[in-house]
Amino acid sequence: MPAHYEPAQRHWDDLAIGEHIAAEEFPLSLYRLCMAASATRDFNSIHHNPDFARAAGAPTAYANNTFLQGMWEKTARSFIGPAGTIRALRKFTMRSFNTVDDVVTVRGEVLDKWHDTDAGVALIRMWSENGRGVSVGPGELEVTLPLRGGAR
Amino acid sequence: MTPQPEPNATPLTDLALASTESWEKQWDPVIRAVGSQISTLPGEWGAEKVEATGIRRWCEPLEFSCALHYDPSVASAHGYADVTAPYTAITSFSLPPTWSPGIDPVFTTAGRDAQPTRSPVAALPLPGAPATTGFFATEVESTYLRPLVVGDQVKRSGMRLISCVPKHTRVGRGAFVTLETEIVDQNDTTVAITRVTLFYHHPNAESGPTEEKTDASAL
């Protein structure tokens, strides 16, 4: 059985506003962007053909926005654990290209937390950085985490 | 990239060379349509049902190893009927095929940069809009009602025009257009609502206020 990672389960009760989540790094290569094109089914040539991307005005091939969204989800999932859910993605604003040769670092911070009728809810500020600064966001993920005592 | 003007669209030269006042007015038909269903998508089903192999493939370039996306027993322990797809994969699973039986050949030209004649990630045509040669996504917002699980099949249902704001940016003259669509499952139940803002533009216009170029894919 492959060693699938099951992150430790965090509970809503233990969240602290201002708490930072562990950052994740994503080094970008053309190889990886080709895999991402296949995985996301976004075969637009700008994402895997450097010359085509340059003709369209980009420095070189760059990551597609679905792949960039997946970076946020992977980073957040490590924090919220398998019992957590994602309700919404907001302000996922793409500010600059994330290209071949970039290392994209995704970071997050707990902005707020509250009780819903059936869940513990948190708002996490998320953003991506590359060597030139913030490239995506800052935006938000609205997530739920389990409550201690078993309610969800 | 050879520009392909939309039917009844203002010729490219007019958009590029028109005065400031007149080029913005060329977007008036789109602005008047704000709030309406554009219905530019045929409502095709996503190319594939949600399956464990597709989820695995989606996770692979991210090195995303959460067991929810691989292990049915872990997914079941957390209340899901089967392995779940990451929430952000929903767009990928909603994309129609580039080709399928019954569709005319799409790979008709050889060459490194040759494009298929049909693409589910091409720019969405806007009725009445002036012709443009470039587009890119600038912002995405999604509400997820539930994650997809193995066995689901989804499609985009409808396309509502939320806003259209003409703007002259560093990359050219065009408009920021926000579109909203619902993604529904095989039971016609909404599983997600997505809004995407795209900048449709003609890159040969004069330089304008600084705006970053961003991802040139439409969802």
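Cut-off values and rules
- Residues numbered from 1 in each chain as written.
- Chains lettered and ligands numbered in written order.
- Predicted model: local features only at pLDDT ≥ 70, side-chain atom pairs only at ≥ 80, totals over all residues.
- Heavy atoms only, no water.
- Helix = DSSP H or I, 4+ residues; strand = E, 2+ residues; numbered from the N terminus.
- Buried < 20%, exposed > 50% of the residue type's maximum accessible area, 1.4 Å probe, protein only.
- Polar contact = N/O pair within 3.5 Å; in protein donor to acceptor, adjacent residues only side chain to side chain.
- Contact = heavy atoms within 4.5 Å.
- Buried area = accessible area lost by both parts, 1.4 Å probe.
- Salt bridge = Lys/Arg side-chain N within 4 Å of Asp/Glu carboxyl O.
- Pairing = 2+ DSSP bridges.
- pLDDT = per-residue confidence, 0-100.
- Core = buried A, V, L, I, M, F, W, Y, C linked by side-chain atoms within 4.5 Å.

Caption draft 1: Inspection of the side chain of Thr144(A) at higher detail. Residues and elements named next belong to chain A. Considering the arrangement of structural elements, one finds Thr144 in strand S5 (residues 133-145). The class of Thr144 is buried, set by a relative accessible area of 5%. Only 2.5 Å separates the side chain of Thr144 from the side chain of Thr85, close enough to count as a polar contact. Thr144 has contacts with Gly84, Thr85, Arg87, Ala119, Gly120 and Val121, leaving out every residue within four places of it along the chain.

Caption draft 2: Quick peek at the interface of chain B and chain A. Chain B puts 46 residues into the contact, and the matching count from chain A is 51 residues. Buried surface at the junction of chain B and chain A, summed over both partners, amounts to about 4,400 Å²; 54% is from carbon and sulfur atoms. Between the two partners, chain B and chain A, sit two salt bridges. Between Asp51(A) and Arg112(B) there is a salt bridge, and its shortest N-O distance comes to 2.5 Å. At the junction of chain B with chain A, the criterion picks out 19 residue pairs in polar contact (both at pLDDT 80 or more). Secondary-structure elements contributing two or more residues to the side of chain B that touches chain A are helix H4 (52-59), helix H6 (90-94) and strand S1 (134-144) of chain B. The pairing of strand S2 (residues 85-93) of chain A with S1(B) spans four bridges and is classified as antiparallel. Paired with Thr93(A) across the strands is Glu139(B), a residue of S1(B).

Caption draft 3: Quick peek at the confidence of the model for chain B. Residues and elements named next belong to chain B. For chain B, per-residue confidence averages 84 on the pLDDT scale, and 81% of positions sit at 70 or higher. Looking across chain B, the model is least confident in helix H1 (residues 12-17), with a mean pLDDT of 47, and most confident in H4, with 98. With pLDDT under 50 throughout, residues 1-17 is counted as low confidence; its partners more than four residues away or in other chains account for 31 contacts. Ignoring residues within four places in sequence, the model shows residues 205-219, a span with pLDDT below 50, making 73 contacts including any to other chains. As scored by the predictor, the complex reaches a pTM of 0.88 and an ipTM of 0.95.

Caption draft 4: Fine view of the nonpolar core. Ranked by internal contacts, the top residues of the largest apolar core, which has 76 residues, are Met71(A), Trp27(B), Val177(B), Leu179(B) and Tyr200(B). Here the element with the most residues in this core is helix H3 (residues 65-80) of chain A; it accounts for seven residues. Sequence-distant contacts of Val177(B), that is, excluding residues within four places in its chain, are made with Trp27(B), Leu126(B), Leu161(B), Ser163(B), Cys164(B), Val196(B), Thr197(B), Leu198(B) and Tyr200(B). Of all hydrophobic cores here, the second largest spans six residues; its members include Phe52(A), Ala53(A), Ala58(A) and Phe97(A).

Caption draft 5: Representation of the pattern of salt bridges. All names here are of chain A. A full pass over the atoms with the stated rule returns 20 salt bridges over all chains. In this structure, Arg87 engages Asp116 in a salt bridge whose closest nitrogen and oxygen atoms are separated by 2.8 Å. Of the two residues, Arg87 is situated in strand S2 and Asp116 in the loop between strand S3 (103-115) and strand S4 (120-130); the sequence distance between them amounts to 29 residues. For Arg87, a relative accessible area of 22% puts it in the partly exposed group. When its relative accessible area of 29% is taken as the criterion, Asp116 is described as partly exposed. For the salt bridge of Glu142 with Arg90, the shortest nitrogen-to-oxygen distance reads 2.7 Å.

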